Amino acid sequence: AELERDLRIALERGEFVLQFQPQIDIGSGAAVVAEALVRWAHPDRDMVLPGTFVPFAEETGVIVELGDWVMDRVCQTAAEWAQAGLTQRIAINISTRELAQVDFFMRLRHAMARHGTPAEALELEITETLAMEMEARLLDQLHALRKDGVRIAIDDFGTGYSNLSRLKDLPVDRVKIDRSLVEDITLSAEARTICSAVIGLIQGLGLETVVEGVESQDQVDMLRIMGCAVFQGYHLSTPLNEEDYLARFAPSR
Ligand code: G
Ligand code: G
Ligand code: MN
Ligand code: NA
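Residues numbered from 1 in each chain as written. Chains lettered and ligands numbered in written order. Predicted model: local features only at pLDDT ≥ 70, side-chain atom pairs only at ≥ 80, totals over all residues.

Per an unreviewed UniProt entry, the protein goes by Bifunctional diguanylate cyclase/phosphodiesterase and derives from Sphingobium phenoxybenzoativorans.

Next comes the structure, spelled out in C-alpha coordinates:
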(Lines give C-alpha, C1' and ligand atoms only; values in the text may rest on other atoms or scores of the structure.)
(Ligands and ions follow the chains in the order given, each with its own letter.)
Protein backbone atom coordinates (compact mmCIF):
# COMPACT_ATOMS: atom_id res chain seq x y z
CA ALA A 1 0.00 0.00 0.00
CA GLU A 2 2.96 2.25 0.59
CA LEU A 3 4.22 1.91 -2.96
CA GLU A 4 0.70 2.54 -4.21
CA ARG A 5 0.59 5.81 -2.27
CA ASP A 6 4.08 6.72 -3.50
CA LEU A 7 3.03 6.14 -7.10
CA ARG A 8 -0.03 8.37 -6.74
CA ILE A 9 2.03 11.11 -5.10
CA ALA A 10 4.64 10.78 -7.85
CA LEU A 11 1.89 11.27 -10.44
CA GLU A 12 0.66 14.40 -8.65
CA ARG A 13 4.18 15.75 -8.40
CA GLY A 14 4.91 15.09 -12.06
CA GLU A 15 7.82 12.73 -11.37
CA PHE A 16 7.17 10.41 -14.30
CA VAL A 17 8.99 10.98 -17.56
CA LEU A 18 8.88 9.38 -20.96
CA GLN A 19 11.84 8.08 -22.87
CA PHE A 20 11.78 7.07 -26.51
CA GLN A 21 13.50 4.10 -28.14
CA PRO A 22 13.70 4.00 -31.93
CA GLN A 23 12.79 1.20 -34.30
CA ILE A 24 15.23 1.54 -37.16
CA ASP A 25 14.66 0.51 -40.76
CA ILE A 26 18.10 -0.85 -41.43
CA GLY A 27 17.83 -0.34 -45.21
CA SER A 28 17.41 3.43 -45.02
CA GLY A 29 18.81 3.93 -41.53
CA ALA A 30 15.68 5.91 -40.63
CA ALA A 31 13.77 5.63 -37.38
CA VAL A 32 10.19 4.66 -38.23
CA VAL A 33 8.67 4.39 -34.76
CA ALA A 34 9.60 5.76 -31.34
CA GLU A 35 8.41 3.50 -28.52
CA ALA A 36 7.42 5.56 -25.48
CA LEU A 37 8.70 4.02 -22.23
CA VAL A 38 7.76 5.45 -18.88
CA ARG A 39 10.33 6.04 -16.13
CA TRP A 40 10.02 7.34 -12.62
CA ALA A 41 12.44 10.18 -11.95
CA HIS A 42 12.42 9.56 -8.20
CA PRO A 43 13.90 12.54 -6.32
CA ASP A 44 16.11 10.37 -4.06
CA ARG A 45 16.91 7.50 -6.36
CA ASP A 46 18.31 6.75 -9.79
CA MET A 47 15.79 6.66 -12.60
CA VAL A 48 13.34 3.88 -11.68
CA LEU A 49 12.59 1.53 -14.58
CA PRO A 50 9.02 0.33 -15.23
CA GLY A 51 9.91 -3.32 -14.63
CA THR A 52 9.88 -2.46 -10.92
CA PHE A 53 6.65 -0.44 -10.76
CA VAL A 54 4.46 -1.22 -13.81
CA PRO A 55 3.47 -4.73 -12.56
CA PHE A 56 2.64 -3.21 -9.18
CA ALA A 57 0.75 -0.32 -10.78
CA GLU A 58 -1.25 -2.95 -12.68
CA GLU A 59 -2.09 -4.91 -9.53
CA THR A 60 -3.30 -1.87 -7.66
CA GLY A 61 -5.01 -0.18 -10.58
CA VAL A 62 -2.76 2.89 -10.46
CA ILE A 63 -1.83 1.89 -14.02
CA VAL A 64 -5.09 3.46 -15.18
CA GLU A 65 -4.07 6.94 -13.99
CA LEU A 66 -0.48 6.38 -15.04
CA GLY A 67 -1.68 5.12 -18.43
CA ASP A 68 -3.82 8.22 -18.84
CA TRP A 69 -0.79 10.37 -18.15
CA VAL A 70 1.28 8.41 -20.70
CA MET A 71 -1.54 8.64 -23.26
CA ASP A 72 -1.82 12.40 -22.79
CA ARG A 73 1.96 12.97 -23.08
CA VAL A 74 2.26 10.72 -26.12
CA CYS A 75 -0.71 12.33 -27.90
CA GLN A 76 0.73 15.78 -27.33
CA THR A 77 4.26 14.79 -28.38
CA ALA A 78 3.02 12.93 -31.47
CA ALA A 79 0.96 15.98 -32.47
CA GLU A 80 4.02 18.22 -32.10
CA TRP A 81 6.20 15.87 -34.14
CA ALA A 82 3.60 15.64 -36.90
CA GLN A 83 3.28 19.43 -36.87
CA ALA A 84 7.05 19.70 -37.32
CA GLY A 85 6.83 17.44 -40.37
CA LEU A 86 8.13 14.23 -38.80
CA THR A 87 6.62 11.05 -40.16
CA GLN A 88 7.70 8.88 -37.22
CA ARG A 89 4.93 7.37 -35.16
CA ILE A 90 5.02 7.09 -31.38
CA ALA A 91 4.08 3.71 -29.89
CA ILE A 92 2.29 3.34 -26.55
CA ASN A 93 2.41 0.19 -24.40
CA ILE A 94 -1.03 -0.85 -23.23
CA SER A 95 -1.50 -3.21 -20.30
CA THR A 96 -4.35 -5.62 -19.61
CA ARG A 97 -5.75 -3.56 -16.79
CA GLU A 98 -5.91 -0.39 -18.93
CA LEU A 99 -7.70 -2.16 -21.74
CA ALA A 100 -10.18 -3.63 -19.27
CA GLN A 101 -11.56 -0.15 -18.61
CA VAL A 102 -14.80 0.13 -20.55
CA ASP A 103 -13.96 3.66 -21.66
CA PHE A 104 -10.34 3.00 -22.68
CA PHE A 105 -10.85 3.74 -26.37
CA MET A 106 -12.99 6.79 -25.60
CA ARG A 107 -10.24 8.19 -23.36
CA LEU A 108 -7.67 7.61 -26.07
CA ARG A 109 -9.85 9.36 -28.63
CA HIS A 110 -10.36 12.27 -26.23
CA ALA A 111 -6.61 12.60 -25.72
CA MET A 112 -6.12 12.62 -29.50
CA ALA A 113 -8.84 15.26 -29.94
CA ARG A 114 -7.42 17.39 -27.11
CA HIS A 115 -4.06 17.63 -28.85
CA GLY A 116 -5.12 17.31 -32.48
CA THR A 117 -3.10 14.11 -32.85
CA PRO A 118 -3.32 12.51 -36.30
CA ALA A 119 -4.21 8.81 -36.04
CA GLU A 120 -1.29 8.02 -38.36
CA ALA A 121 1.11 9.41 -35.74
CA LEU A 122 0.19 6.71 -33.19
CA GLU A 123 0.76 3.03 -32.66
CA LEU A 124 -0.53 0.79 -29.86
CA GLU A 125 1.56 -2.10 -28.51
CA ILE A 126 -0.54 -4.89 -27.10
CA THR A 127 1.14 -8.00 -25.70
CA GLU A 128 0.59 -11.30 -27.42
CA THR A 129 -1.23 -12.75 -24.42
CA LEU A 130 -3.56 -9.78 -24.15
CA ALA A 131 -4.26 -9.81 -27.88
CA MET A 132 -5.22 -13.48 -27.76
CA GLU A 133 -7.65 -12.89 -24.89
CA MET A 134 -9.46 -9.84 -26.25
CA GLU A 135 -13.23 -10.03 -26.28
CA ALA A 136 -15.37 -9.13 -29.25
CA ARG A 137 -16.35 -5.73 -27.88
CA LEU A 138 -12.71 -4.66 -27.55
CA LEU A 139 -11.76 -6.16 -30.88
CA ASP A 140 -14.46 -4.12 -32.60
CA GLN A 141 -13.07 -0.94 -31.09
CA LEU A 142 -9.54 -1.93 -32.02
CA HIS A 143 -10.68 -2.58 -35.59
CA ALA A 144 -12.29 0.87 -35.70
CA LEU A 145 -9.18 2.56 -34.37
CA ARG A 146 -7.00 0.80 -36.93
CA LYS A 147 -9.39 1.77 -39.70
CA ASP A 148 -8.90 5.39 -38.64
CA GLY A 149 -5.15 5.00 -39.12
CA VAL A 150 -3.72 4.05 -35.71
CA ARG A 151 -1.25 1.18 -36.21
CA ILE A 152 -1.49 -1.88 -33.98
CA ALA A 153 1.53 -3.97 -32.96
CA ILE A 154 1.66 -7.26 -31.07
CA ASP A 155 4.33 -6.89 -28.38
CA ASP A 156 6.58 -9.58 -26.87
CA PHE A 157 5.60 -12.10 -29.55
CA GLY A 158 6.90 -15.56 -28.80
CA THR A 159 6.53 -15.35 -25.01
CA GLY A 160 2.86 -16.26 -24.81
CA TYR A 161 0.82 -19.01 -26.36
CA SER A 162 -0.72 -17.88 -29.57
CA ASN A 163 -3.68 -19.38 -31.24
CA LEU A 164 -2.10 -18.98 -34.63
CA SER A 165 -5.36 -19.14 -36.54
CA ARG A 166 -6.59 -16.29 -34.36
CA LEU A 167 -3.60 -14.14 -35.26
CA LYS A 168 -4.77 -13.81 -38.84
CA ASP A 169 -8.12 -12.38 -37.73
CA LEU A 170 -6.76 -9.76 -35.35
CA PRO A 171 -6.60 -6.09 -36.38
CA VAL A 172 -2.81 -5.99 -36.47
CA ASP A 173 -0.18 -4.34 -38.67
CA ARG A 174 3.07 -5.43 -37.10
CA VAL A 175 4.48 -8.06 -34.79
CA LYS A 176 7.36 -7.39 -32.40
CA ILE A 177 9.46 -10.51 -31.93
CA ASP A 178 10.49 -10.83 -28.29
CA ARG A 179 14.14 -10.64 -27.46
CA SER A 180 14.11 -14.11 -25.89
CA LEU A 181 13.71 -15.49 -29.43
CA VAL A 182 16.76 -13.68 -30.77
CA GLU A 183 19.23 -13.60 -27.89
CA ASP A 184 20.86 -16.93 -28.82
CA ILE A 185 20.62 -16.91 -32.59
CA THR A 186 24.32 -16.26 -33.05
CA LEU A 187 25.15 -19.19 -30.78
CA SER A 188 22.61 -21.87 -31.50
CA ALA A 189 21.31 -23.47 -34.69
CA GLU A 190 18.10 -24.45 -32.90
CA ALA A 191 17.50 -20.83 -31.84
CA ARG A 192 18.03 -19.76 -35.47
CA THR A 193 15.56 -22.36 -36.70
CA ILE A 194 12.87 -21.23 -34.28
CA CYS A 195 13.44 -17.55 -34.96
CA SER A 196 13.41 -18.05 -38.70
CA ALA A 197 10.18 -20.05 -38.51
CA VAL A 198 8.50 -17.33 -36.45
CA ILE A 199 9.59 -14.67 -38.94
CA GLY A 200 8.25 -16.79 -41.80
CA LEU A 201 4.93 -17.18 -40.04
CA ILE A 202 4.53 -13.45 -39.43
CA GLN A 203 5.52 -12.51 -42.95
CA GLY A 204 3.36 -15.25 -44.39
CA LEU A 205 0.37 -13.57 -42.75
CA GLY A 206 1.33 -10.32 -44.48
CA LEU A 207 2.44 -8.62 -41.26
CA GLU A 208 5.54 -6.52 -40.70
CA THR A 209 8.22 -7.87 -38.35
CA VAL A 210 10.06 -5.78 -35.79
CA VAL A 211 12.83 -7.45 -33.82
CA GLU A 212 13.27 -6.34 -30.21
CA GLY A 213 16.26 -6.56 -27.93
CA VAL A 214 18.87 -6.50 -30.69
CA GLU A 215 22.23 -6.15 -28.99
CA SER A 216 24.83 -6.90 -31.69
CA GLN A 217 25.64 -6.37 -35.35
CA ASP A 218 25.94 -10.16 -35.76
CA GLN A 219 22.28 -10.46 -34.79
CA VAL A 220 21.32 -7.73 -37.27
CA ASP A 221 23.24 -9.45 -40.09
CA MET A 222 21.64 -12.80 -39.37
CA LEU A 223 18.13 -11.37 -39.03
CA ARG A 224 18.48 -9.46 -42.29
CA ILE A 225 19.19 -12.72 -44.08
CA MET A 226 16.03 -14.09 -42.45
CA GLY A 227 14.10 -11.21 -44.01
CA CYS A 228 13.81 -8.65 -41.21
CA ALA A 229 14.26 -4.96 -41.88
CA VAL A 230 13.18 -3.15 -38.72
CA PHE A 231 15.17 -3.43 -35.51
CA GLN A 232 14.97 -2.15 -31.95
CA GLY A 233 17.49 -2.66 -29.17
CA TYR A 234 20.56 -1.40 -27.38
CA HIS A 235 22.74 -2.07 -30.42
CA LEU A 236 20.78 0.63 -32.29
CA SER A 237 19.93 2.90 -29.37
CA THR A 238 18.91 2.77 -25.75
CA PRO A 239 15.75 4.67 -24.78
CA LEU A 240 16.50 8.44 -24.81
CA ASN A 241 14.82 11.57 -23.53
CA GLU A 242 12.91 13.52 -26.18
CA GLU A 243 15.61 16.11 -26.77
CA ASP A 244 18.35 13.54 -27.30
CA TYR A 245 16.04 11.37 -29.38
CA LEU A 246 15.19 14.18 -31.76
CA ALA A 247 18.80 15.35 -32.02
CA ARG A 248 19.82 11.88 -33.09
CA PHE A 249 16.84 10.56 -35.04
CA ALA A 250 15.25 13.70 -36.49
CA PRO A 251 18.24 16.03 -36.92
CA SER A 252 16.81 18.04 -39.82
CA ARG A 253 13.53 18.81 -38.11
O1 G B 1 11.88 -0.15 -19.67
P2 G B 1 11.69 -1.54 -19.15
O3 G B 1 12.47 -2.56 -19.88
O4 G B 1 11.96 -1.63 -17.66
O5 G B 1 10.12 -1.89 -19.35
C6 G B 1 9.55 -2.94 -18.66
C7 G B 1 8.11 -3.13 -19.06
O8 G B 1 7.33 -1.96 -18.78
C9 G B 1 7.93 -3.43 -20.54
O10 G B 1 7.13 -4.60 -20.64
C11 G B 1 7.19 -2.26 -21.07
O12 G B 1 6.29 -2.64 -22.09
C13 G B 1 6.46 -1.73 -19.86
N14 G B 1 6.16 -0.31 -20.02
C15 G B 1 7.03 0.68 -20.27
N16 G B 1 6.39 1.86 -20.41
C17 G B 1 5.05 1.59 -20.25
C18 G B 1 3.87 2.39 -20.28
O19 G B 1 3.88 3.59 -20.51
N20 G B 1 2.67 1.75 -20.05
C21 G B 1 2.61 0.42 -19.80
N22 G B 1 1.41 -0.13 -19.59
N23 G B 1 3.70 -0.36 -19.77
C24 G B 1 4.91 0.21 -19.99
O1 G C 1 7.83 -5.36 -23.07
P2 G C 1 8.43 -4.28 -23.91
O3 G C 1 8.92 -4.81 -25.22
O4 G C 1 7.56 -3.07 -24.12
O5 G C 1 9.74 -3.81 -23.14
C6 G C 1 10.60 -2.90 -23.72
C7 G C 1 11.76 -2.76 -22.78
O8 G C 1 12.88 -3.55 -23.19
C9 G C 1 12.25 -1.33 -22.75
O10 G C 1 11.77 -0.71 -21.62
C11 G C 1 13.76 -1.41 -22.74
O12 G C 1 14.30 -0.88 -21.54
C13 G C 1 14.08 -2.88 -22.87
N14 G C 1 15.03 -3.05 -23.95
C15 G C 1 15.08 -2.36 -25.10
N16 G C 1 16.12 -2.75 -25.88
C17 G C 1 16.73 -3.74 -25.20
C18 G C 1 17.88 -4.55 -25.49
O19 G C 1 18.52 -4.46 -26.54
N20 G C 1 18.21 -5.47 -24.56
C21 G C 1 17.53 -5.62 -23.38
N22 G C 1 17.97 -6.54 -22.53
N23 G C 1 16.45 -4.87 -23.08
C24 G C 1 16.06 -3.93 -23.98
MN1 MN D 1 6.75 -2.62 -25.97
NA1 NA E 1 8.27 -6.11 -26.18
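(A) Structural detail: the overall build of the protein. In terms of helices and strands, the protein carries 11 helices and 8 strands. Whereas a compact globule of 253 residues would reach a radius of gyration of roughly 18 Å, the protein reaches 18 Å, a difference of no more than 12%. Counting only residues that meet the buried cut, the protein has 38% of its 253 residues in that class. (Helix = DSSP H or I, 4+ residues; strand = E, 2+ residues; numbered from the N terminus. Rg over C-alpha atoms; globule rule 2.2 N^0.38 Å. Buried ≥ 20, exposed ≤ 12 C-beta atoms within 10 Å, placed from the backbone.)

(B) Spotlight on the environment of Ser252. With respect to the element layout, Ser252 can be found in the segment after helix H11 (242–249). Looking at Ser252, the number of C-beta atoms within 10 Å reads 5, which means it is exposed. With 195 residues separating them along the chain, Ser252 and Ala57 place their C-alpha atoms 38 Å apart.

(C) A look at the site of ligand 2. Not every one of the 13 residues close to ligand 2 is listed here, only the nearest: Leu37, Gly213, Glu215, Gly233 and Tyr234. The class makeup of the residues in the shell around ligand 2 is 4 nonpolar, 4 polar and 5 charged. (Near = placed C-beta within 6 Å. Nonpolar A, V, L, I, M, F, W, Y, C, P; charged D, E, K, R; others polar.)

(D) Broad picture of the sheet that holds strand E3 (residues 89–94). Strands sit in the order E1-E2-E3-E4-E5-E6-E7-E8 around a closed barrel of 8 strands; the barrel is mixed. Both strand E6 (residues 174–177) and strand E7 (residues 208–211) contribute to a ladder of 4 bridges, which runs parallel. Directly across from Val175, in E7, lies its bridge partner Thr209. (Pairing = 2+ DSSP bridges.)

(E) Representation of the nonpolar core within the structure. Formed by 66 residues in total, the largest nonpolar core has its most connected members in Ala36 and Ala78. Broken down by element, this core gets its largest block of residues, 11 residues, from helix H3 (residues 62–83). Excluding anything up to four places from it in sequence, Ala78 contacts Ile90, Thr117, Ala121 and Leu122. (Core = buried A, V, L, I, M, F, W, Y, C linked by C-beta atoms within 7 Å. Contact = placed C-beta atoms within 7 Å.)

(F) Just unusual backbone geometry, in detail. The backbone phi angle of Asp156 is positive, close to 55°, even though this residue is not glycine. If you trace the backbone, Asp156 turns up in strand E5 (residues 151–157). Judged by the 21 C-beta atoms lying within 10 Å of it, Asp156 is buried.

(G) Broad picture of the pairing of strand E4 (residues 122–127). Burial analysis of E4 places 6 of its 6 residues in the buried class, the great majority of the element. Across 5 bridges, the pairing between E3 and E4 is parallel. Bridge pairing in E4 places Ile94 opposite Ile126. Bridge count for E4 against E5 is 5 bridges, and the pairing is parallel. Each bridged residue has a counterpart across the sheet, and for Thr127 the counterpart in E5 is Asp155.

(H) Summary view of the site of ligand 1. Lining the immediate environment of ligand 1, one finds Leu37, Val38, Leu49, Pro50, Gly51, Val54, Ile63, Gly67, Val70, Asn93, Ile94 and Ser95. Residue assignment for the shell around ligand 1 shows that the elements contributing at least two residues are strand E2 (30–40), helix H2 (50–60), H3 and E3. Residue composition of the shell around ligand 1, grouped by class: 8 nonpolar, 4 polar and no charged.

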